[in-house]
Each structure stands twice: as C-alpha cells, then as structure tokens.
Amino acid sequence: MTWLEPVPGGWAERTGSGTARLLAPRPEAARTVPSRWPFPDLALVRVAGADDVPCLWLADREAGPRTRVGLFGWSVQTGELGIRYGEGELAGADAQALLLAGNLPVGGLSGGPVLDLRHGCVIGVIKGRGAQDGVAAPVTALYELLDLQGGGETVREVLRAHDLHHLRRLDDASSPDPASSAAPPAPSSAASPAPRPAPSSAPSAAPSPSSPDWTTYQAELPGYAPSVSGIDVALRTRLYGHLAQLPPPRGAGEVGHLVEDVKAQVRGERLVSLVLRTARTWREGAGLLCGLRTLQPGGGGTLVDLDAVLLYAAEVVRRSAREHPDEVDPARLAAFTAWISGQAAGHRHWAVGGAIRALVEGVDRAEAGPDAEGRGGDGGAGGASVPGPAASATGAPGAGTDVLVKVGSQMYDGRYPWSVQLIYGGRDITPVAADDLGARADELVRVLREPLALALSQGDHGEHLAAIEVFLPRRLFDLPVDEWQLLPERPGGGPGEQGGADDEDEDDFADERAMPLGMRRTVVVRFGPRNGREPSPEWRRRWKGVQCGPLANGTLHGRPVAEGHPPGARPGGRFPYYGALSAMGEACVPVYCGPVGSGEGLAAMNDALRAGHSVVLWRRDGHEHEECGAFHRQAADLLAAAGHAWGLHGPVRDLRIRLADPDTARAQGLRGKIAVLFDPPDRPPLGAEAMRPPPAAPGA
C-alpha cells in the first residue's frame, strides 16, 4: 500500500504491506463475484510501517444534504498516475449509499475519502459512479463492522487509536493543558479504514506540509464556528481523546438514552427524536448533541451545544466509574475529571457549571453511591423538567424503552404488513423499520430478525431489558415470538436449535442472541385492532381489576377445568362464550389449554376480547387431551405467584425457562408452550399516537 507523508519542502512517498482484519461483506459469502459489491463494502486493514501517519478526522455523525465535499484518490485519467482531487456536493442518500453530485468519481478513486469541506472530516468512502451521480459508503457504516465476529474489539481499537492520534498531535503542536494531556501513545500499529483490498489503494489525504496537525487545519475551515456552538476543535479533540480511554458502552441503548436524557436537561423538555439514531460509541453520542436549541414560546431559541456536551461527558465519566471500576485507569479517570471540572469552572452559566461539578464530584476516587443513577439520570443534574414515569411492559412503572411489533391484517395475497417501533417511557414512539408489502406468516421470523435486533439494542440500557409487545391479528395469536432468536442465519440453515452444552457452538454459547427471546425478556401478545379505538368501559374495568388483584383463574371456554377442551369441540351460536366470560370476576384471568388461532380457541378468544379481558393465558402448541389438567394447575400456580397483572412477567419468564429444558419440565410435571395476552388500555394506541415534530436545528 502506498501513501504520501508531509516532509519539509514537500511530500514523501511511503509504502507498507496491509493485512485485512475485517471485511463486510466477506468475499466467501458470495458464490460468484457480483456485478455490484453489496454495501457497506468496507474493510479494516492493518498497515505495517504506518504507525504515525497523518490521519484524517473521521466524522462522528452523518452529514446533511448539499454538503460541499472533496473527493481524493489515485487516478490515471490524464495518462499519468497521480493524486486526483475534485469538489462536488452530497446530493442525498439512497438506502445505505451517499449520492455524490458535481465532480464525479473516476476510475482509481474507489476507496478514497469523501471529505466534508466545511468541517474538515471524512464522511464517506468512495465506492463508484452511475450515469448521473457518484456513490459512497458513509463512514458511519464503519460501526456495522461491530456486529462481525471479532468486530467489536477491532473497531474500537481503530477508533481509540484515531482519537488518541489526534489528541497527541494537538499536544505536540501546542502547549498541552496539564489537566487534559494524559493520553498515552497510540497502539504501535493502528488499523485504518479502507475499501476491500485492491491492486492500488487510496492515498492518505493529509493537511498541507505547513500544517502541524489535522486539528489545526480544521480550525481554518468555514465550518469552524466556536462562537456559535461553544465547541472549538481543540475541545472536541481533547474530549474524544478522553472518551477513547474509557470502557465502551454496553450497547446503542446506553448511548441513546444518555443522549436523550441530556437533551431533556438542557432543553427543559423531553422531545424524543422521530428518527432512529444508532450510536454505539461514546464519541457518536457527543456528535449527536451538536445543533440543539432550547425551544421558547413563539419560536426562536438559543444554542446549547456546549452545555449538552459537557453534561454528557460528566455523565459518561460518572457511569464509567460506577459501573466499570475495575476497567478504568485511575490516572486517566482523574485527568478526564480534572479537565471537565476545569471546563465547568469557566462556564458562562453558573448553574450548568454547578451541575457538571456535582456529577463528577468524587469520581476520581471511583465513588459510586446508590443515588448515582438518580443524580445523573432523568433530569437530576440540570434541574430540568423531564417526563415522569409511565407504565412499562417490563412490570413496573418507569421510564424504560420497549419494542412494539405490529403485524397487520392479512392482505389478499396472504401477506401480513409489519412494523417495528420503539416506545419511550410508555408514551413517545420512534419508528425503526416497516414493510407495507409484508411477508407470509412463516416468513415473519426471518424478516423481523434484523429490525427486532436493532430495536432491542436501542431499548436495552443500564439494567433495563426492553420488553416486546407484539400486536397481532387474532388468527396469528399463536405465533411463537417468544421462541424466536436474534442470531443471524448460518449458511445452509437457520440459527440452530438450542441443544445440550456439548452441542453448542462456543460463540453461540456466549451470544445472548442465540437464546429464545422469551427466556430473557418479557414477550406479550396484544390485539392490534382493539388498540386503534377508544377503550370500552369493560376493558378499562377489567384492567383495573387485574392491576389490583389478587388474580384468579377461570376457563376461556366457560366449562369446568375437569372437562378440558374435548377433541373436535365446536362453538355454537354467534357469541357462544360471551356470557360466561362477562360473568367472570374483574380480577379473573381466562385460561385455555390449546391454540387460539382457529376453532373453539379462536371463537372463545373473540368473546374474551368483546368482554373486555386484557389478560389471557393459553397453550399454543398441540397436545394430548390428558395433559389439560396439568396445564390448568400450573396456570393457577402462576397466577397465584403473580398476584396482580404487573407481577405476571417474572413467573411467566421463569416458567418458559423451565419448559425449555425437557428434563426439568418432565421432572416438575410442566406442560405446554405458554402464551400471554397482556393488553392494557392505557398505552398509546399504535398508529394513532400524537406525533410531535423534532426541534428546529441550525443549518450546521
């Protein structure tokens, strides 16, 4: 591989051998070489001899349309091999691709950087061109490599080396701040983002030889406007250098929820974004806090970027000290804390400075009191008003984030439209993915796997595991969502069945995605059509009854338990079970020993919904009639252990875990695949929720 380095009086050519560490997609995944290589079409290549090559700044967020860009790479367009540079603009996006207009890529530029000329950062990697526009892979696609086997460690190593590289060069070019220059040297061989291996690779576009570092170069660009945001290049470089030395977040949900909490603090109002932002590193979270406004009656507002970024940094420091005390280097933590405290001391608003100091007080000693979450979570630091707790499907009121899956009514061609959404604190909804063309019932497990995994990664944060509420048409109530797994399909088959410990793949054993959803999470069924209308009095009354408890059990078909449901039982009349179901006590839960997608079970479930029942238990798998007595006994035990509706989720999950092991189920006399209708009337009706516009953002 070849690149140029600035030297006194010009440039010097350097070469080194490269080893591909991560590739997406991998070449062997395709049986034949495709005419168009699929996205993201990125690789991470470790280059020998490139220990301290001047490095471009990788963007921490997506660029907006009409951004002026520079395109760099090798070219033989004029007949002589050399560096090509051209200017164009970001015209928009198409699925995973960035569209380039103006000066389009030519042969040889593939793999070269797309540089945001206003802010001086790489926003993409050139992929190719079409008839009218160029195409680039966004640099944010780099984070998709985190999902590859071994990808998490490698990608984080790259980003850490990147941010420490720029911090070190900034300190070399200026007098270092004693409170913020405790960055160690970067790894001896840092991986670099690049396209898939090719005969010739793109050069490393660097600042002019007279510029001592890329950070200084950025400060000379039109986008450098610290008087507007309060965040100058040096502050950002030091912040990211400090963040790079902390343990990584557990997932996108931890970053996303912290970003939303900080936004609520500085705005005084929680306005959840209607656009899903997947941020899985601390630096990405800081990038999402640029361009904020505090909304005021009558319009207008004030930029609060600096307030938000410093509060965010203080929260990250506090959480790292509290949750990863054995993984944080005390000297680095102390340096980061001192730097934040210094920023707070000179802050223009004393209240914000005080809130920041309160968050980091004692952090350098890794103090983690039981009140830490409350002090730094939903609005404690800044004293801003934050939405209060709301009922969550996890079992207790709170501000958790859950996942809504909606499967619509069957269309004429046998397909079911679907959507996946996030619901924050029981009220605000953000779409994740949807398909109005739909899929057949047996295809839903495959098509929903990836959007479900994405949504759950956003919903999980801290100790909260996102629950899954599945809105279904009545004939799909037996859909085994609780048994679905999130592990991607392997070549030649699905994700694989859970076997004995000796049969499990080592990677699968440590991968939580290989477990059935219902063994880790709350998975409940809801009735979609009913939630689009105003709740009936019966529905409200019965929900109040099961909330208060104690829960009792009855039969969905109205017959005594001893009769079970005889084979071939057929409903008679238009409302065969409505009378018995209406006469049940308000805290009584109907139980049915059989599937409810057809026959008697479907008719009885229809009448239960008409009678206002919000909680129903049933067995969704086929079985012998003699097992019904055992199933009703275990259902009665489960309801007694729960006590009330919100207490159901723990016992149901425990039962699913025991039923998943045949030996345990046999020894304890357990029967069946249990399904739960848990359909409270006080959650936002899916598809009818109020949609609030996102806050206005400056043209940055």
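Reading the values: rules and limits
- Residues numbered from 1 in each chain as written.
- Predicted model: local features only at pLDDT ≥ 70, side-chain atom pairs only at ≥ 80, totals over all residues.
- Heavy atoms only, no water.
- Axes fitted to C-alpha atoms, helices over the stretch in contact; angles between N-to-C directions.
- Helix = DSSP H or I, 4+ residues; strand = E, 2+ residues; numbered from the N terminus.
- Parallel < 35°, antiparallel > 145°, perpendicular 65-115°, else oblique.
- Left-handed = near helix turned anticlockwise from the far one by under 90°.
- Contact = heavy atoms within 4.5 Å.
- Nonpolar A, V, L, I, M, F, W, Y, C, P; charged D, E, K, R; others polar.
- pLDDT = per-residue confidence, 0-100.
- Core = buried A, V, L, I, M, F, W, Y, C linked by side-chain atoms within 4.5 Å.
- Buried < 20%, exposed > 50% of the residue type's maximum accessible area, 1.4 Å probe, protein only.
- Domains from an automatic or database assignment.
- Pairing = 2+ DSSP bridges.

Participant: It is not clear to me how the packing of helix H5 (residues 252-267) against helix H7 (residues 305-323) should be interpreted in this structure. Could you clarify?
Facilitator: Two measures define how a pair of helices packs: the angle their axes make with one another and the distance between the axes. Relative orientation of the contacting elements H5 and H7 amounts to 135°, with a least axis distance of 10 Å. Here H5 is positioned oblique relative to H7, judged by the angle of their axes. In the crossing of H5 with H7, the sense of the turn from one axis to the other is right-handed. Contacts from Glu 254, Val 255, Leu 258, Val 259, Asp 261, Val 262, Gln 265 and Val 266 in H5 reach Asp 307, Ala 308, Leu 311, Tyr 312, Glu 315, Val 316, Arg 319 and Glu 323 in H7. Across the contact of H5 with H7, the residue classes tally to nine nonpolar, one polar and six charged.

Participant: What is the right way to look at the confidence of the model for the protein chain in this model?
Facilitator: Interpretation of the predicted coordinates at a detailed level should be avoided for regions scoring low in pLDDT. Summarising the model, the protein chain shows a mean pLDDT of 78, and 78% of its residues fall at 70 or more. Long-range and interchain partners of residues 176-211, a stretch whose pLDDT sits below 50, account for 91 contacts in this model, where long-range means more than four residues apart. Low confidence marks residues 685-700, where pLDDT is under 50. Its contacts with residues over four positions away, or in another chain, come to 32 contacts.

Participant: How should I be thinking about the nonpolar core in this particular structure?
Facilitator: Proteins that are soluble and globular tend to have nonpolar side chains buried together. In terms of nonpolar packing, the biggest core is built from 73 residues, with Leu 239, Tyr 312, Phe 336 and Ile 340 touching the most fellow members. With eleven residues, the single largest contributor to this core is H7. Split by domain, the residues of this core number at least three in each of domain 1 (2-27 + 36-147) and domain 2 (226-368). In this structure, Tyr 312 is in contact with Val 255, Leu 258, Val 259, Val 262, Thr 281, Trp 282, Gly 285, Ala 286 and Leu 289, ignoring residues within four places of it in sequence. Of all hydrophobic cores here, the second largest spans 48 residues; its members include Val 432, Val 525, Val 596 and Met 605.

Participant: Even after reading the chapter, I still don't get the environment of Ala 640, so can you show me in this structure?
Facilitator: Turning to its location among the elements, Ala 640 is positioned in helix H18 (residues 628-642). When the C-alpha atoms of Ala 640 and Leu 551 are compared, they prove to be 6.4 Å apart, with 89 residues separating the residues in sequence.

Participant: It is not clear to me how the sheet that holds strand S10 (residues 134-138) should be interpreted in this structure. Could you clarify?
Facilitator: By definition, the strands of a sheet pair up through backbone hydrogen bonds, in either a parallel or an antiparallel sense. Spatial strand order, S5-S6-S7-S10-S9-S8: six strands in a closed barrel with antiparallel pairing. If you compare each strand with its neighbour and ignore which way they point, the axes differ by 45° on average. Strand direction decides the pairing type here: strand S5 (residues 68-75) and strand S8 (residues 113-116), joined by three bridges, are antiparallel. Each bridged residue has a counterpart across the sheet, and for Val 69 the counterpart in S8 is Asp 116.

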